[in-house]
Amino acid sequence: MITARAAATFDPVARSVATARAFVRDTLQGWGYTDVVDDAVVLTSELVTNAVVHAGTAADVLCLRTEDGVRVEISDHYPEREIPLQSAGLNFGSSDSENGRGLLLCAALASRWGVEYSPARKHVWFQLDLPDRPVGIRSAGPLLPVGLLPVADERVRVAVVQIDSTGAVAAWNDDAAYLFGYTADQVVGKQLTDFTAWPQTPGTNTGIADALRLSRWEGSYGIRGADGRTIPVYGSHLRVRDTQGEPSTVCLLVRDYERAVLQSPVRAPVSDAAESRKTDPFEVFIGSPAPDDLDGLLQRTVERARDMLDADAAFLLLATDDETELEVRATTGLPSARQRFARVPVEAGTGRYGSARMPAVHEDLDAVPGAVPLLGNTGMRSVVTVPLKVEGRLTGSLGVAAEAAGRYSNEEALRLQFAADRIALAVESARLGELERLRRGSLSFLVEASDLLAGTLDRDQTLALMAQMTVPTLATWCAVYTIADQSSEPELSYVLHEDEDRIDGLKALLTRIDPPEPVPAPGARVWPAPSEAAHEAALRTSMRSIGIGDPGGLNSGTRTTLATAAAVGGETVVLPLVARNRVIGMLTLGKPSDDHFRQEILELAEDLSRRAALALDNARLYSERTAISQSLQRSLLPPGLPKIPNVEVDVIYRAAGEGNEVGGDFYDVFPIRDGAYGFAIGDVCGTGPEAAAVTGLARHALRLLAREGFAGPAVLERLNAAILDEGSRSRFLTLLYGELWPQEDGSALLKVVCAGHPLPLRLRQDGSVEPAADPQPLLGVLEDLELYEQTLTLEPGDVLLCVTDGVTERREGTRMLGDDGLAEVLAHCTGLTAGAVAGRILRAVERFAADPPSDDMAILTMRVPEPHPAP
């Protein structure tokens, strides 16, 4: 039989969910059905959410009171929407899906439930039966045999002790004197802590001084009696104010075994119907099955906590390993993007009044500003927070808040603490699982990063890799500053943002502000300058756009400034790049507006910065040595080829080995005196720096001796002596040296000496190829050499080709190009310029084998051009 009804309709907006919860709670409390209020509010919240959020229609809520319980119907106007019922076994699909979770809770909490369809709407209803209790009894225990009742003295004595704001005893009644042996005169004015043995009960982490500051507290501790013995007591504390507004604490104390006199009964968090079905309290609170990921579990927890206490917001924080800070991990009703991963101290406010280690109720945050830092400037007035503990260790804190003051009392704190105790172990298990996965991923990330950084010695590429490895894996944007030496200022070297359109604006912003200080201390430190500069720029731009200050509109520059401010408006941290006990730069990581870094990410970034710093310093050292090496090597090459009248000259030079510009092969063409030019091409035994040293000696000695007027044989004999003087540093040297005189008739006269070098080849106009010199002993072996020079004339159209053995000894397996192969290639070069002949020889060498050349190679060509006919 229906004895009362109440109905209301709620618009399809998110705020309607909280309004519907309040409607159901007020209705049932008005009917006196407080035992089923919590379950009804939780179910209503889920079902109204399905209607106004997921179905997108208004929600009609109808409450029906019966003699045995209450029936609540929630209707939406979307009858085509199917209930996600997959089988008769009540498989509602994924628990991560927003729709259908209300039905899971109906199955867990309701006595009966169902779904009804009509042409215009769909009804989901649930029935909650009242527990079988006598009318007027709020809470009662079962009937017990007399022998099982608690033991007490003939007269139960309740000590009433009043403590003033300083912690001193202000009042001490007769029962207190009887229990502990002190008269009032002996204790009034003395600190209560002088008489307490704290803690008495194992696992109690709060001192007596802390407990006296709380608005309410219950628990066990000990009082040292006049005879020196410790008397276990059970206490109930109430914080009050006197008529002058001074705070004091009233303590009611009984013997510990008589605690039933004072102890508040623990209220069950679920209905008796659910208990009778042996439902797991954790599954009832979270929903079955529970999310298998930490973020999902935490988000579900704050939503359930909010609904359970009809709150406007809820939050859950996880403790760091050292239990000194709490990190925001899940919120609802708060700006979660702004708060996520923010950190607050475990001990907030003055003293330990706001300690996260104990339940706390704040009736009005405006009266205690800063007591809950997370809720600053959020509009929340009343809040209740409870700790999450596993084996006595603080693992987190759960809180709910409301916009109105005075919404919560110790009763709500007990209910929330009961829920927190049920989920603490599951949350900690999920957190440890996530931490293990994160550490494995971090290890894999660092291994991959180390491989990439070790794979390059280029400074610019190292900078790019550093940024690309951090964005977007660790941060939204990254900037790398480098320091050339200890006297240099940090220089912005590389900037990267996950959105390429934001890079230019970010770079412009960072160049306008001073770089961070190069502090060598390890670890990440917060750098507020980019965020402050971005916000100031955005403010100025916004003021101009609305006509305040310089006139302007929402042009592309304005939009870029505002977008940059949003991109760098979050937390920015700086990590030093330290290598070989010197700060060589800074790695700067940033988040978008009001976002924060997780501690695990900062630790990973610190590991990466150490590896990146060493790689960057190695790249710097390599670049410096390469620059020095290349500078020295360039000094061994001729500055350029002289212009010889009526003679074309071209050279192609390739040094073997990475980073080498000069090897054991060398060439030179230089003026000796008016009308005479010297040329040389040689090959020092070996490659690399040792061979290059002999190369420099030979080239400079040839120029010096030739300009002193020595003939070809004399020049080479003196060079041979100089090489032998080098002792153990000497190298064998093959050398083709010659002198050239252009003639008035268009030909060129040459005198050459070929000391152990591949013979020069002469190409005539008819395509014939012949050696242009005879072989003679190489240099650097014998002390006494008898060399001679040979004379030849290059006619117009003739080509003289001089090469090193890197050309003739080009191999492919057992095949070798050789002198004959080179002569065959040259025979097909008639009519080509000197440069074209050299290029064709090079292509023939490269195509002869698939592998790149492994020996130094020099190609020198000289050609006497044919005279042009007179016009």
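What counts, and at which threshold
Residues numbered from 1 in each chain as written. Predicted model: local features only at pLDDT ≥ 70, side-chain atom pairs only at ≥ 80, totals over all residues. Heavy atoms only, no water. Helix = DSSP H or I, 4+ residues; strand = E, 2+ residues; numbered from the N terminus. Buried < 20%, exposed > 50% of the residue type's maximum accessible area, 1.4 Å probe, protein only. Contact = heavy atoms within 4.5 Å. Patch = residues over 30% accessible without salt bridge, like charges linked within 9 Å, V, L, I, M, F, W, Y side chains within 5 Å. Areas by Shrake-Rupley, 256 points an atom, 1.4 Å probe, with all protein chains shown as cover. Salt bridge = Lys/Arg side-chain N within 4 Å of Asp/Glu carboxyl O. Arc of directions from axis to C-beta. Axes fitted to C-alpha atoms, helices over the stretch in contact; angles between N-to-C directions. Parallel < 35°, antiparallel > 145°, perpendicular 65-115°, else oblique. Nonpolar A, V, L, I, M, F, W, Y, C, P; charged D, E, K, R; others polar. Pairing = 2+ DSSP bridges. Core = buried A, V, L, I, M, F, W, Y, C linked by side-chain atoms within 4.5 Å. Phe/Tyr/Trp six-rings, centres within 6.5 Å; stacked < 30°, edge-to-face > 60°. Left-handed = near helix turned anticlockwise from the far one by under 90°.

## With respect to the overall build of the chain
Moving on, step 1. For the chain, the helix and strand inventory stands at 21 helices and 34 strands.
Moving on, step 2. Counting the 871 residues in the chain, one finds 48% classified as buried.
Moving on, step 3. In the chain, the proportion of contacts linking residues at least 24 apart, taken out of those at least 6 apart, comes to 62%.

## Examining a nonpolar patch on the surface
Moving on, step 1. Together, Phe-732, Val-781 and Leu-782 give the surface a local cluster of nonpolar side chains, amounting to about 270 Å² of exposed area.
Moving on, step 2. Here Val-781 lies in the loop between β29 (769-771) and β30 (790-794).

## Observations concerning helix α13 (residues 503-512)
Moving on, step 1. Within α13, burial applies to Ile-503, Gly-505, Leu-506, Leu-509 and Leu-510. Viewed along the axis of α13, the buried residues span an arc of 165°, placing them on a single side of the element. Exposed side of α13, more than 90 degrees from the buried face: Asp-504, Thr-511 and Arg-512 are the residues found there.

## Regarding the packing of helix α9 (residues 294-308) against helix α11 (residues 410-454)
Moving on, step 1. Where α9 contacts α11, the axes come no closer than 10 Å and their chain directions differ by 170°. Taken together, α9 and α11 sit at an angle that is classed as roughly antiparallel. Mapping the contact onto sequence places Leu-294, Asp-295, Leu-297, Leu-298, Thr-301, Ala-305 and Met-308 in α9 and Arg-415, Leu-416, Ala-419, Ile-423, Ala-426, Val-427, Ala-430, Arg-431 and Glu-434 in α11.
Moving on, step 2. For the contact of α9 with α11, a count of residues per class yields 11 nonpolar, 1 polar and 4 charged.

## A few points about the sheet that holds strand β4 (residues 112-117)
Moving on, step 1. Pairing in this open sheet of 5 strands is antiparallel, and the strands run β1-β2-β3-β5-β4 from one edge to the other. The open sheet is flanked by β1 (2-10) and β4, the only strands paired with a single partner. The mean inter-strand angle of the sheet, taken between neighbouring strand axes irrespective of direction, is 15°.
Moving on, step 2. Note: β4 against strand β5 (residues 122-129), 6 bridges, orientation antiparallel. In the sheet register, Trp-113 faces β5, and the bridge partner there is Phe-126.
Moving on, step 3. Sheet contacts for helix α1 (residues 15-31): β1, β2 (59-66) and β3 (69-76); angle to β1, the most-contacted strand, approximately 165°.

## With respect to the nonpolar core
Moving on, step 1. In terms of nonpolar packing, the biggest core is built from 49 residues, with Met-466, Leu-510, Leu-577 and Leu-589 touching the most fellow members.
Moving on, step 2. Here this core gets 9 residues from one element, more than from any other, and that element is helix α16 (residues 599-636).

## Here's the deal with the packing of aromatic side chains
Moving on, step 1. This structure, assessed with the given rule, holds 5 aromatic pairs.
Moving on, step 2. Their ring planes at 50° and their centres at 5.8 Å tell us that Tyr-653 and Tyr-667 sit as a pair that is tilted. Within this pair, whereas Tyr-653 is found in strand β23 (residues 648-654), its partner Tyr-667 is found in strand β24 (residues 665-673), the two being separated by 14 residues in sequence.
Moving on, step 3. Tyr-653 gets classed as buried once you look at its relative accessible area, which sits at 14%.
Moving on, step 4. Its relative accessible area of 14% is what places Tyr-667 among the buried residues.

## As for the packing of α11 against helix α12 (residues 459-470)
Helix-helix packing: each pair is described by the crossing angle between the helix axes and the interaxial distance.
Moving on, step 1. For the pair α11 and α12, the least separation of the axes is 10 Å and the interaxial angle reads 165°. By the angle between their axes, α11 is roughly antiparallel relative to α12. The handedness of the crossing between α11 and α12 comes out as right-handed. Between α11 and α12, the residues in contact are Phe-445, Ala-449, Leu-452 and Leu-453 and Thr-462, Leu-465, Met-466 and Met-469, respectively.

## Some points on unusual backbone geometry
Moving on, step 1. Note the cis peptide between Val-471 and Pro-472, where omega equals 0°.
Moving on, step 2. Note that Pro-472 resides in the loop between α12 and β18 (477-482).
Moving on, step 3. A positive phi angle, close to 50°, is found at Asp-310, a residue other than glycine.
Moving on, step 4. When you line up the elements, Asp-310 lands in the loop between α9 and β12 (313-319).

## Some thoughts on the pairing of β2
Moving on, step 1. Burial analysis of β2 places 7 of its 8 residues in the buried class, which makes it a mostly covered element.
Moving on, step 2. In this sheet, β2 lies alongside β1 in antiparallel orientation, the contact comprising 8 bridges. Bridge assignment links Ala-4 to a residue of β2, and that residue is Arg-65.
Moving on, step 3. Strand direction decides the pairing type here: β2 and β3, joined by 6 bridges, are antiparallel. Note that in β3 the partner of Cys-63 across the bridge is Val-72.
Moving on, step 4. The loop that links β2 with its antiparallel partner β3 comprises 2 residues.

## Considering the environment of Ser-442
Moving on, step 1. Structurally, Ser-442 can be placed in helix α11.
Moving on, step 2. You can call Ser-442 buried: its relative accessible area is 14%.
Moving on, step 3. Sequence separation between Ser-442 and Ile-601 is 159 residues, and the spatial gap between their C-alpha atoms is 8.9 Å.

## Examining the pattern of salt bridges
Two side chains with opposite charge may pair up if their charged atoms get near one another.
Moving on, step 1. Scanning all chains against the criterion turns up 29 salt bridges.
Moving on, step 2. The salt bridge involving Asp-307 is made with Arg-306; its shortest N-O contact spans 3.0 Å. Here Asp-307 and Arg-306 have matching classes, each one buried.
Moving on, step 3. Arg-762 is paired through a salt bridge with Asp-798; the nearest N and O atoms lie 3.0 Å apart. Of this pair, Arg-762 sits in strand β28 (residues 761-763) while Asp-798 sits in the loop between β30 and β31 (799-803); the two residues are 36 residues apart in sequence, bridging distant segments of the chain. The two residues Arg-762 and Asp-798 agree in class, both being buried.
Moving on, step 4. Overlapping salt bridges bring together Arg-21, Arg-25, Arg-306, Asp-307, Asp-310 and Arg-407 as one network.

## With respect to the environment of Asp-129
Moving on, step 1. On the secondary structure map, Asp-129 appears in strand β5.
Moving on, step 2. Asp-129 sits 63 residues away from Thr-66 along the chain, and the two C-alpha atoms are 9.2 Å apart.
Moving on, step 3. Those residues within four positions of Asp-129 in sequence are excluded, and the remaining contacts are Val-36, Asp-68, Gly-69, Ser-111 and Arg-112.

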